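Here's the letter readout for the chains.
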Amino acid sequence: MEKVLAHVRLVGKGAEADLFLGTWHHMRVLVKKRVPKLYRLQALDARIRSFRTAHEARLLQDAKKCGVPTPTVYLVDLPNTTIVMEYISKERLKERVSTMGGDERSARFTELGENIGLLHQGGIIHGDLTTSNVLIKSNRLYLIDLGLGTYSEDVEDRGVDLHLLWRVLQSSHHRFAKIALAAVVEGYERSVGRSRAHSVEERMWRIDRRGRYIAER
Amino acid sequence: MEKILGIESTAHTFGACVASSLGDITSDTRSIFNPPPGRGIHPREAAQHHSRVAAAVVSQALKESKTSLGELVAVAYSAGPGLGPALRVGASIARAISLWSDIPLVPVHHAIGHIEIALLETSARDPLVVLVSGGHTCITALVEGRWRVFGETEDITLGNLVDSFAREAGLPSPAGREIEVLASKGKNLVDLPYTVKGNDVSYSGLLTFLKERFRDGVGLEDLCFSLQEIGFSMLTEATERALAHTGKKELVLTGGVAANRRLQQMMKWIAEEHKATFSVVSQKLSGDSGAQIAWTGLLALGSGISIPIERSFVRPRWRFDEVEIPWRKS
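Model, not experiment: these values are computed from the prediction.

Draft legend 1. Main features of helix 3 (residues 110-121) of chain B. Taking 1.5 Å of rise per residue, 12 residues should cover 16 Å, and helix 3 of chain B covers 17 Å from first to last C-alpha, within 8% of that figure. Taken residue by residue, helix 3 of chain B has H110(B), A111(B), I112(B), G113(B), H114(B), I115(B), E116(B), I117(B), A118(B) and L119(B) as its buried positions.

Draft legend 2. Spatial organisation of the pairing of strand 7 (residues 137-143) of chain B. Residues and elements named next belong to chain B. Counting buried residues in strand 7 gives 6 out of 7 residues, a clear majority hidden from the surface. Across 5 bridges, the pairing between strand 6 (residues 128-132) and strand 7 is antiparallel. The partner of L128 across the bridge, within strand 7, is A141. The hairpin turn running from strand 6 into strand 7, its antiparallel successor, is 4 residues long. Hairpin geometry of strand 7 and strand 8 (residues 146-152) is characterised by an intervening segment of 2 residues between the two adjacent antiparallel strands and by a positive phi of about 45° at E144.

Draft legend 3. Seen up close, the packing of aromatic side chains. One pass over the full model with this rule turns up 4 aromatic pairs over all chains. Geometrically, the ring pair formed by W24(A) and Y74(A) is stacked, given 5.4 Å between the ring centres and 15° between the ring planes. Here W24(A), found in strand 2 (residues 17-24), pairs with Y74(A), found in strand 4 (residues 73-77); they are 50 residues apart in sequence, far enough to count as distant. Note on W24(A): relative accessible area 12%, which makes it buried. Consider the rings of F165(B) and F214(B), whose centres lie 6.2 Å apart with planes at 85°: the pair is edge-to-face. Of this pair, F165(B) sits in helix 4 (residues 158-168) while F214(B) sits in helix 6 (residues 204-215), placing them 49 residues apart in sequence.

Draft legend 4. Summary view of helix 2 (residues 84-101) of chain B. Residue and element names in this part refer to chain B. Between its terminal C-alpha atoms helix 2 stretches 26 Å, which fits the 26 Å expected from 18 residues at 1.5 Å a residue. Listed in full, the buried residues belonging to helix 2 are G84, A86, L87, V89, G90, A91, A94, I97 and S98. Lining the buried residues of helix 2 we find strand 1 (3-8), strand 2 (13-20), helix 1 (43-64), strand 4 (72-80) and strand 5 (105-109). Immediately beyond the C-terminal end of helix 2, within one or two residues, lies D102, with a positive phi of roughly 55°.

Draft legend 5. Here's a closer look at the environment of S20(B). Residues and elements named next belong to chain B. Of note, S20 is situated in strand 2. According to the relative accessible area criterion, S20 is buried, its value standing at 0%. Taking the C-alpha atoms as reference points, S20 and L298, 278 residues apart in sequence, are found 8.0 Å from one another.

Draft legend 6. Layout of the sheet that holds strand 1 (residues 5-13) of chain A. Residue and element names in this part refer to chain A. The 5 strands lie next to each other as 1-2-3-5-4, forming an open sheet whose pairing is antiparallel. Of all strands in the sheet, those bounded by a partner on one side alone are strand 1 and strand 4. Going across the sheet, the axis of each strand differs from the next one's by a mean of 20°, ignoring polarity. By the bridge criterion, 5 bridges tie strand 3 (residues 27-34) to strand 5 (residues 82-86) in an arrangement that is antiparallel. What sits directly across from K32, in strand 5, is I83. Helix 1 (residues 42-65) contacts strand 3, strand 4 and strand 5 of the sheet and is inclined by roughly 20° relative to strand 5.

Draft legend 7. Representation of the confidence of the model for chain B. Taken residue by residue, chain B gives an average pLDDT of 95. The fraction at 70 or more is 100%. The complex prediction reports pTM at 0.91, with the ipTM value standing at 0.86.

Draft legend 8. Representation of the sheet that holds strand 1 of chain B within the structure. Residues and elements named next belong to chain B. Overall, mixed pairing links the 5 strands, which are arranged 3-2-1-4-5 in an open sheet. Only two strands of the sheet have a single neighbouring strand rather than two, namely strand 3 (25-32) and strand 5. For this sheet the average axis-to-axis angle between neighbouring strands, irrespective of direction, equals 20°. Examined bridge by bridge, strand 4 and strand 5 share 5 bridges and lie parallel to one another. Bridge assignment links A76 to a residue of strand 5, and that residue is V106. Here helix 10 (residues 290-302) sits on the sheet and contacts strand 1, strand 2, strand 3, strand 4 and strand 5; the angle it forms with strand 1, its principal contact strand, is near 130°.

About the cut-offs
Numbering of residues starts from 1 in each chain and follows the order in which that chain's sequence is written. As a convention, the first chain written is A and the first ligand written is 1, with the rest following in written order. Totals for whole chains, interfaces and linings use every residue, but because this is a predicted model, local features are given only for residues with pLDDT of at least 70 and side-chain atom pairs only at 80 or more, for both listing and counting. For side-chain calculations, the full set of non-hydrogen atoms in the structure is used, while hydrogens and water are omitted. A run of DSSP states H or I qualifies as a helix once it reaches four residues; a run of E qualifies as a strand once it reaches two. Both are numbered from the N-terminal end. Multiplying 1.5 Å by the helix residue count minus one yields the expected span of that helix. Any residue under 20% of the maximum accessible area for its type is buried, any over 50% is exposed, and the rest in between are partly exposed; the area is computed with a 1.4 Å probe on protein chains only. The pairing criterion is simple: DSSP has to find at least two bridges between the two strands. Working definition: rings of Phe, Tyr and Trp (its six-membered ring) pair if their centres are within 6.5 Å, and the pair is stacked with planes under 30 degrees apart, edge-to-face with planes over 60 apart, and tilted otherwise. Note on contacts: a residue pair qualifies if any of its non-hydrogen atoms lie within 4.5 Å across the two residues. Every angle, taken between N-to-C directions, lies between 0 and 180 degrees, and every axis is a line fitted to C-alpha atoms, over only the stretch in contact when it is a helix. pLDDT expresses how confident the predictor is about each individual residue, on a scale running from 0 to 100.

Shown next, in the form of structure tokens:
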């Protein structure tokens, strides 16, 4: 791998992986290396990292087949728990939410909803839908970080997926949370159709009420 | 210097404390209801216990701090969340004192109490807080006047996990210390579900598996060891995600389960990894206490918060992200 991978430099430290930029066969690539977490027992840690690396590579590929923009996977180096993938952009939706205008915000979240809908329609659950895991490149959204994803057609899992996003909207973007969610639901409906979107949304609110200490329960 | 009396009675602990506006905890008295080994807390039995000990605990707290009822500027009580019957005991006593001494009555959210008492002990200004107790397992930070939830358990809490498993294994409750001691003797990691969903965790599957393995005859020490390793790793991972997402440079661990050394060790590791300072609530103030209610009550009172007796209901299902925190700038 080292022979073809060049000009590698560390560009970021995520919660579970170090991110490097480099070139691979003259292409600009992102190298995601899941690093050992010393707080975990070694056996447990190795199991988790190796599983997620293989799993994420597969999910990124399968998401693409559903029509959802994701980085193209070039290489999986399992012993080093590393994925070499297409470099997309450093612009995350997270930082852009508060600076963009209202119309653009609605359009972005509708697009995000469409992507989530396509993913769910294809039997994939993202598992970590935060605004940090959505990149923007030439006016298009890309979903990344599918390491916690699963394959499921269960309405419960779909509801949990959307609920996670709802929680992120409330904690990180609470001024726009309701508007953003409405846009997401609208986009989601475009992808999966009205009745399905309705049952997933309904489940999402049920999950919300299931949380601890809810007065109206 | 102002003095306030705080009364705690959300679950197994009936506690009373006098705190001063200088941040001194001048007394901290408690009586803990211990159900027989193998059984959990029955709300009515907890309430009966609290009624029995209440007068003595409150008198003792006043005596230890050399405070008379007349010196108090207010009385604070834990208004929720918790067991209804248990909460009502503390609230009734607080109302009586408020009426008798003609001083304001201040409702305090129990979880905010856990957070504030930890912050009183540390110098953290704008931290990410991990609250782990019988009632809560969440990752939170103050954003525009409220403690917002960045991650939490989707089902049972870490305290529930520990206590429910302990009950199955016939250990006395609360069992945190016991489990930690047993875990330190365990060596083999039992294969159990590790469930992280974004910033959230789920412990109910882990509990089911732990109980099944126990019935299968797997050693208790190895099970306690695996409970800690897997259960704590999950929360630590979720916390690390929240640290990365929020970019906070201070991490604070609080609540009853914060007393666990292994959990402290894991959290400290991720704090260092993200160049954040790490602090943990002291052992003596980690569990439920009147101190957390008194101190938080004093902060709330300073922002003009009090409640008329006729509206001083207890709120067994009160969520902490509904509580306005006017005394902290965010």
